[in-house]
Each structure stands twice: as C-alpha cells, then as structure tokens.
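Single-letter residue listing:
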Amino acid sequence: MKTPLIGMTLEDLRNVAAATGMPAFAAKQMARWLYVKRVRSIDEMTDLSKSAREGLNESYCVGIVAPKMEVRSTDGTVKYLFEGVGGRDIESVYIPDRDRATLCVSSQAGCKMNCSFCMTGRQGFHGNLTASAIINQVLAIPESESLTNLVFMGMGEPMDNLPAVMQAIEVLTAPWGLAWSPKRITVSTIGKIKEMRQLLDKTKVHLAISLHSPFADERHSLMPVEGAYPAVNVVRMLREYDFSHQRRLSFEYIMWHGVNDDMRHADAVARLLRGLDCRINLIRFHAIPGSSLAPATKTDMERFRDRLNELGFIATIRASRGEDIMAACGMLAGRKNEASAE
C-alpha cells in the first residue's frame, strides 16, 4: 500500500523529500501541487524532476479517493460515502445555503460516546480516521473548490482523535496548505476538557459544545460522557477563554418533546451559561430507528428560543437539512463495507 501525501504537513513533506533524495525545497513544491493545484497524481507535479517523480511513485500516492457513492436531498444537501476504517465506511455531508457552502466532515468511523439519540454512537467505535482521510473528504467532492465553511460535526468525537484533527486543521489553515481562515472552521465536541484546551490554545477555530440538557442527571441519561465531563466543569473551563473577538463559542441543544423543551430547562440553560459570550443553537431532533425520543414541537422550540433571547442570549433554531437522505444531525451511520447501500 502506498502512503497518501494529502493530509501531510510541510514538515512531513520535508521528511518525504529527504527519504526520496529530493532537496528540502521540494516539500513546498509538493504542497503547492497537493493543496493549491489539487492534482490527482504525482506525475502531474511537473516541476519535480522525472527521477524524483519516479522515486515518489514507488512508495507514495497523492491519495485523493473519490466517494463510493452519493445521495442527493430535495433541499440540495448531498451525503457522500467514503472508505472508512475497521470495516465501517464513513459519511460527510455537503450543505449549500445561498452564499454559503458547508461541508460536515467525519473524524472517526463510529464513536465511543454512545449518546442515546445518535445513530453514529449506536454503531459503536470502529477506528480513528487519519488526517489524510479527513482532508480527502474536502478534496474529493465535486464541490471542493466552492466550499466556504467546514464543520467537524460528522461521525465521531473530534476530541477523541485530536492529533489527526489538529493536523487536518493545520493543512486547512496554513499558508502552504489550503490557506483557509480558521474562522471558516468549527469543531463540535461533547466536552473532553484536556483536549479542548489543546484545541483552544493551538488553533483559532470556532468551538461548539453538545449540551442538550442543563441538568446533570438528564444529560447523563442522554450522554453517558456527562459522568466523566460534567457540563458544569466544561463551562467552568470555557470561562477561562475570551470568546468576544474572532473565535465563536456555541452550544448545541437538540430538543425532545417532554424531555428538555420547557421553560424550566430554558431558565436552567441561562443560569448555566450566564456571563459566557456564546450563542445557543436549538436543533430539532430527527427520529432514528429504535429510539422512543420524539422531536419537540415547533411552538415549544420557538417559545424556548424566545425565552433565551429575553434572558440576553443569542438563540436560534437551526434549519433542518438532508433529513430525507438520513444526512441530518445525529443520523450519520455509514455502513459496513460489505453491506449494500440504503
């Protein structure tokens, strides 16, 4: 198996150059071909000598692998299926919205967090994606060059695969890479505190926290991770950082009928987050097989939003996209490699 070059940092490419007998400056040449020119083969790197390209081809490949399949929603959303890891393929979702084009990428095949409302968590954990596999989701889709935003909100917990996620962010934002502003990237997490600190200290990307209930016992029943990383501890840590400029902090709040959609919950959310410069995204639950949870009503979601706004927060109801192709929040599951597509 040849080693893919996409996903490599400039330092990695310098090591490749040294290992194949090329001068150090060849690393920048390779980076330009990979991330600016976006070539699909080493033979297209025409400012490398023929012997250098032959040497690279012996052990390396560009590594862009097309999706195995795609499914298109009536609202324009596209779900892509990619080769995954551990016998489980992974999915990413392209979401066009007027002048925005967002890609929701996966960082793992499956997930260890076992949230009761999420199809990804229900399938168990199958393995971490490499930085190459993450970047491939960006470079391999037809809409690649029109993307305006990227969110790590697909399959997996990004903080549970932080080295690969950080490497992918470096490739996305470095001047020798795709040269994106970090303001175009959001990382969503259940709140692993040590890893969040690393992300906040070393990058300037936006951060989204999965909250879903302000009460510890209820959140624990929905998200077992509450036992290890209580929301109150996550919020306490976040208060150490300044989110008033450039970087945005948001809290994701999926709403279920009769579970977390009343004014008692709204007031408790406000108490928990009081003083934090943040926004709150209310998300309609998308029913999944085998779950007794039901989505909150439109009226209750609007009442909840209005209450938070009255209490001084910026709260919005996120538009649902791609539900008809099982591409909405919490619905990504990939598939076993040997299974037929749904």
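See above for the structure.
Quick caveat: nothing in here was measured; it's all calculated off a predicted structure.

Undergrad: Looking at this structure, I do not really get the packing of aromatic side chains. What am I missing?
TA: Think of a pair of aromatic rings as described by two things: how far the centres are apart, and how the planes are tilted against each other in angle. In this structure the tally under the stated criterion is five aromatic pairs. Summarising the aromatic geometry, the rings of F117 and W256 are spaced 5.1 Å apart at their centres and angled 50° between planes, so their arrangement reads as tilted. With F117 in the loop between β7 (108-110) and α4 (119-122) and W256 in the loop between β12 (249-255) and α10 (263-273), the pair connects residues that are 139 residues apart, well separated along the chain. Looking at F117, the relative accessible area reads 7%, which means it is buried. W256 sits in the buried class, given a relative accessible area of 0%. By way of ring pairs, the aromatic residues F117, W256 and F285 are connected into one cluster.

Undergrad: Quick question: what am I supposed to make of the pattern of salt bridges here?
TA: Inspection of every chain in the model, using the stated rule, returns 20 salt bridges. Across the salt bridge formed by E11 and R14, the nearest N and O atoms sit 3.3 Å from each other. Here E11 and its partner R14 are both found in helix α1 (residues 10-19), three residues apart, which amounts to about one turn of the helix. On the basis of relative accessible area, E11 is assigned to the partly exposed category, the value being 43%. Between K112 and D160 there is a salt bridge whose closest N-O contact spans 3.9 Å.

Undergrad: What am I meant to see in the packing of helix α5 (residues 131-139) against helix α6 (residues 162-173) here?
TA: Each pair of packed helices can be described by the angle between their axes along with the distance between the axes. Contact geometry for α5 and α6: axes closest at 8 Å, N-to-C directions at 45°. Here α5 is positioned oblique relative to α6, judged by the angle of their axes. For the crossing formed where α5 meets α6, the hand is right-handed. Counting all contacts with α5, which are made through A131, I134, I135 and V138, the residues of α6 involved are A164, V165, Q167, A168, V171 and L172. Among the residues forming the contact of α5 with α6, the class breakdown is nine nonpolar, one polar and no charged.

Undergrad: Is there a simple way to explain the layout of surface pockets in this structure?
TA: To locate leftover empty space, one rolls a probe as large as a water molecule over the atoms. Each pocket or cavity is described by its volume, and for the second largest pocket that value is around 390 Å³. Lining the second largest pocket are 18 residues, with V65, E83, G84, T130 and A133 positioned closest to its centre. Every element with two or more residues in the lining of the second largest pocket is listed here: β4 (78-85) and α5. Of the residues contributing to the lining of the second largest pocket, the split by class is nine nonpolar, seven polar and two charged.

Undergrad: Could you clarify how one ought to interpret the sheet that holds strand β11 (residues 206-210) in this entry?
TA: Within a beta sheet, neighbouring strands are joined by backbone hydrogen bonds and run either parallel or antiparallel to one another. If you walk across this open sheet you meet the ten strands as β3-β4-β5-β6-β9-β10-β11-β12-β13-β14, and the pairing is mixed. Each edge of the sheet is formed by a strand with only one pairing partner; in this case those strands are β3 (69-72) and β14 (314-317). Looking at each pair of strands side by side, their axes are set apart by 25° on average, direction ignored. The pairing of strand β6 (residues 100-104) with strand β9 (residues 149-152) spans three bridges and is classified as parallel. Looking at β9, one finds that C104 is bridged to V151. Running over the sheet, helix α7 (residues 193-202) touches β10 (185-189) and β11 and is turned about 160° from β11.

Undergrad: For this particular structure, what's the right way to read unusual backbone geometry?
TA: Excluding glycine, residues mostly have negative phi values, and the peptide bonds linking residues are mostly trans. Despite not being glycine, R98 shows a phi value in the positive range, around 55°. As for its placement among the helices and strands, R98 is situated in the loop between β5 (88-97) and β6. Taking relative accessible area as the criterion, R98 reaches 79% and is therefore assigned exposed. Positive phi is not limited to glycine here, since H212 has a value of about 75°. Of the residues examined, H212 reaches a relative accessible area of 3% and is grouped as buried.

Undergrad: Can you help me understand helix α11 (residues 298-310) in this one?
TA: Each turn of an α-helix holds 3.6 residues, which means side chains three or four residues apart point in the same direction. With 13 residues, α11 extends 18 Å between its outermost C-alpha atoms, agreeing within 8% with the 18 Å of an ideal straight helix rising 1.5 Å per residue. Of the residues making up α11, those classed as buried are D300, M301, F304 and L308. The arc enclosing the buried residues of α11, seen along the axis, measures out at 100°, which places them on a common side. In this structure, α11 carries K298 and E310 as exposed residues pointing more than 90 degrees from its buried face.

Undergrad: Just checking my understanding: could you explain the nonpolar core for this structure?
TA: Soluble globular proteins: nonpolar side chains tend toward being buried together. Of all hydrophobic cores here, the largest spans 93 residues; its most connected members are M45, F152, L238, F251 and L273. No other element matches α6, which puts eight residues into this core. Counting 16 residues, the second-largest nonpolar core is a separate cluster that includes C118, M119, V225 and F285.

Undergrad: Teacher, can you tell me more about the side chain of S144 here?
TA: When you line up the elements, S144 lands in the loop between α5 and β9. Only 2.5 Å separates the side chain of S144 from the side chain of R38, close enough to count as a polar contact. The residues touching S144, leaving out its near neighbours within four places in the chain, are R38, V138 and L139.

Undergrad: So what exactly am I meant to see when it comes to the pairing of β9 here?
TA: Residues in a regular strand point their side chains to alternate faces of the sheet. Residue alternation in β9 divides its side chains into two sets, N149 and V151 and L150 and F152, and both sets are buried. Pairing of β9 with β10 involves three bridges; the strand directions are parallel. Paired with V151 across the bridge in β10 is T186. Crossover β9 to β10 through α6 is right-handed.

What counts as what
Residues numbered from 1 in each chain as written. Predicted model: local features only at pLDDT ≥ 70, side-chain atom pairs only at ≥ 80, totals over all residues. Heavy atoms only, no water. Phe/Tyr/Trp six-rings, centres within 6.5 Å; stacked < 30°, edge-to-face > 60°. Helix = DSSP H or I, 4+ residues; strand = E, 2+ residues; numbered from the N terminus. Buried < 20%, exposed > 50% of the residue type's maximum accessible area, 1.4 Å probe, protein only. Salt bridge = Lys/Arg side-chain N within 4 Å of Asp/Glu carboxyl O. Axes fitted to C-alpha atoms, helices over the stretch in contact; angles between N-to-C directions. Parallel < 35°, antiparallel > 145°, perpendicular 65-115°, else oblique. Left-handed = near helix turned anticlockwise from the far one by under 90°. Contact = heavy atoms within 4.5 Å. Nonpolar A, V, L, I, M, F, W, Y, C, P; charged D, E, K, R; others polar. 1 Å grid on protein atoms, 1.4 Å probe; cavity = no way out; pocket = protein on both sides within 12 Å on 5 of 7 lines; lining within 4 Å. Points joined across faces, edges and corners; volume = space filled by probe spheres on them. Pairing = 2+ DSSP bridges. Expected span 1.5 Å × (residues − 1). Arc of directions from axis to C-beta. Core = buried A, V, L, I, M, F, W, Y, C linked by side-chain atoms within 4.5 Å. Polar contact = N/O pair within 3.5 Å; in protein donor to acceptor, adjacent residues only side chain to side chain. Right-handed = clockwise from strand over helix to strand, strands pointing away.

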